Amino acid sequence: MDGRGILNGLAVTIKHFIATYVDDFKRKNRYFTPEGVKYRSSPEVEGIFTIQYPEERRILHENFRYIPFLVYDEGEDGQRDIRCTACGICAKVCPAQTIWIVRAKDPETGRPLSKPAEFYIDTTLCMNCGLCAEFCPFDAIIMDHDYEIAVYSKDHMVFDLERLLKSASYYQRIRPTQYAEKAAEREAKAKAKAAKAARRGAKK
Amino acid sequence: MKRPNGDELQKPGYEIPDELKGSVVVTTLNRLYNWGRRNSVWPMMFGLACCAIEMIATAASRYDLARFGMEVMRPSPRQSDVMIVSGTVTKRMAPLIVRLYNQMPMPKYVIAMGACASGGGPFKEGYNVVSGVDKLIPVDVYIPGCPPTPEALLFGLMKLQQKIEKQSFKEVYTKPDYIPEPVLGPDLMDPRDYPKIREYTQKKLQELQEQAAQAAQG
């Protein structure tokens, strides 16, 4: 019959419309709470929803990526132990060449240290591809989840070391799976290294 | 950040006597005017590249620009308040962007959405890309990201709303600066000369072939 397709389409639309509001009577706390957002974005929910952005946030996937940040480990007495060794791999793989690193120097001897003195990421160029994070051998540079970085002036768009540094606990919070994997990997590597050193010691 | 609501109209910054509280609204003209202006920022229906797709997603029901009073994407610059430069600004498009900007009525705002619009992005040193739309027109809010998520764009728009709120009535209605349209330089090849070029290359090719044939014989 002609016109059946249109009727079917309209039926689908009205089904969605009703399903969106039927649940409101059954369930409470569906709006403006983290649990509500979680439930509404789960597969079992029916209906179509708007994310009321500033009040409630979409649950981001763990591998969501935005402008990268640098990880530091918190020391016992509160000092920040930067993981970056200023090797420059990230600056080399960056397709848009947004990363600029200056290696730190020993103030007494003038020899280069394996720490960055300056680290810049130009966010006017960064295309969030994640290659820097993928290639970093020290898990020092990680893609962030923070997207609220709009600014009024272009001067604030080049992120320096102070702006880029974020703690390892923040990293663990936003990417728990990756953090656990990488931590286990590093532990295994350290163990193998220790065993090798012990064997070498025994030979001597 | 909080979504703007009508609260600030209730708090004018003046002392209101207790008996008048709840029955009168005291506000400045600036505040009232900016409150209206801020909640009806109409963007121009105008997209340049992949960021435009994200802009469309922001306007659709999942993120819903209408909650901010910005749902009416105007297809004409004469009716729009904000120009969301969403995508790579190529040199070909530059004169048109400036022309559209000149045609917008005051007060007008520009948002540079994404890496390409704010600084050229990965194409910064490209032969055909303007490295940042701020080289052509004044930009109010920059949104980094490639492309920015719908939330990031909404955040940028909220930043713009905050900016509008702080503006004074007097300063926004100044005479608009006319920005001269950039002119495209001469092309490397003029399409009208294509037959001539073709003839020339054919002749050269023939000569080369003859030379090769002679070399083979000799």
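Before any of the text, the structure's been laid out above.
No experiment lies behind these values; they were computed from the predicted model shown.

## Brief notes about the pattern of salt bridges
Residues and elements named next belong to chain A.
Here is step 1 of the chain: Tallied over the entire structure, the rule returns 11 salt bridges over all chains.
Here is step 2 of the chain: Of the charged contacts, one joins Glu56 and Arg40 as a salt bridge, the two residues approaching to 2.9 Å between their closest N and O atoms. Here Glu56 is found in the loop between α2 (34-40) and β1 (68-74), whereas its partner Arg40 is found in helix α2, with 16 residues between them in sequence. With respect to class, Glu56 is no different from Arg40; both count as buried.
Here is step 3 of the chain: Lys182 is paired through a salt bridge with Asp139; the nearest N and O atoms lie 3.8 Å apart. Of this pair, Lys182 sits in helix α7 (residues 176-203) while Asp139 sits in the loop between α4 (131-135) and β5 (141-143), and the two are 43 residues apart along the sequence.
Here is step 4 of the chain: Its relative accessible area of 23% is what places Lys182 among the partly exposed residues.
Here is step 5 of the chain: Given a relative accessible area of 7%, Asp139 falls into the buried group.

## Focus on the packing of aromatic side chains
Here is step 1 of the chain: Counted under the stated rule, the structure contains 7 aromatic pairs over all chains.
Here is step 2 of the chain: Considering the side-chain rings of Tyr171 of chain A and Tyr179 of chain A, the 5.1 Å spacing of their centres and the 85° angle between planes classify their relative orientation as edge-to-face.
Here is step 3 of the chain: Among the aromatic residues, those joined into a cluster by ring pairs are Tyr53, Phe64, Tyr66 and Tyr147 of chain A.
Here is step 4 of the chain: Taking NZ or CZ as reference, Arg163 of chain A lies 4.0 Å from the ring centre of Phe159 of chain A, over its face.
Here is step 5 of the chain: Taking the ring centre of Tyr101 of chain B as reference, the NZ or CZ of Lys108 of chain B above it sits at 4.4 Å.

## Notes on the interface of chain A and chain B
Here is step 1 of the chain: Each side of the interface is counted separately: chain A has 27 residues, and chain B has 37 residues.
Here is step 2 of the chain: Of the roughly 2,800 Å² buried where chain A meets chain B, counting both sides, 56% is carbon and sulfur surface.
Here is step 3 of the chain: Contact with chain B buries area across many residues of chain A, yet Tyr53, Ala150 and Tyr152 of chain A alone supply 24% of it, more than any other trio.
Here is step 4 of the chain: At the boundary of chain A and chain B, one finds 2 salt bridges.
Here is step 5 of the chain: In this structure, the salt-bridge partner of Asp134 of chain B is Lys154 of chain A, at a minimum N-O distance of 3.2 Å.
Here is step 6 of the chain: Across the side of chain A that touches chain B, the residue classes tally to 17 nonpolar, 6 polar and 4 charged.

## Structural notes on the sheet that holds strand β3 (residues 99-105) of chain A
Residues and elements named next belong to chain A.
Here is step 1 of the chain: Taken together, the 3 strands give an open sheet; going across it, the order is β3-β4-β6, and neighbouring strands pair in antiparallel fashion. The open sheet has two edge strands, β3 and β6 (158-159), and neither has a second partner.
Here is step 2 of the chain: Inspection of the sheet shows strand β4 (residues 112-122) paired to β6 by 2 bridges, in the antiparallel sense. The residue bridging Asp122 from the neighbouring strand is Val158, located in β6.

## Re the packing of helix α2 (residues 29-38) of chain B against helix α6 (residues 150-166) of chain B
Residue and element names in this part refer to chain B.
Here is step 1 of the chain: At a closest axis distance of 8 Å, the pairing of α2 and α6 adopts a crossing angle of 155°. With respect to each other, α2 and α6 are oriented roughly antiparallel. Considering how the two elements wind past one another, α2 and α6 form a crossing that is right-handed. Along the contact surface, α2 presents Asn34, Arg37 and Arg38, while α6 presents Gln161, Ile164 and Glu165.
Here is step 2 of the chain: A breakdown of the residues in the contact of α2 with α6 according to their chemical character gives 1 nonpolar, 2 polar and 3 charged.

Thresholds applied
Residues numbered from 1 in each chain as written. Chains lettered and ligands numbered in written order. Predicted model: local features only at pLDDT ≥ 70, side-chain atom pairs only at ≥ 80, totals over all residues. Heavy atoms only, no water. Salt bridge = Lys/Arg side-chain N within 4 Å of Asp/Glu carboxyl O. Helix = DSSP H or I, 4+ residues; strand = E, 2+ residues; numbered from the N terminus. Buried < 20%, exposed > 50% of the residue type's maximum accessible area, 1.4 Å probe, protein only. Phe/Tyr/Trp six-rings, centres within 6.5 Å; stacked < 30°, edge-to-face > 60°. Lys NZ or Arg CZ within 6 Å of the ring centre and 35° of its normal. Contact = heavy atoms within 4.5 Å. Buried area = accessible area lost by both parts, 1.4 Å probe. Nonpolar A, V, L, I, M, F, W, Y, C, P; charged D, E, K, R; others polar. Pairing = 2+ DSSP bridges. Axes fitted to C-alpha atoms, helices over the stretch in contact; angles between N-to-C directions. Parallel < 35°, antiparallel > 145°, perpendicular 65-115°, else oblique. Left-handed = near helix turned anticlockwise from the far one by under 90°.

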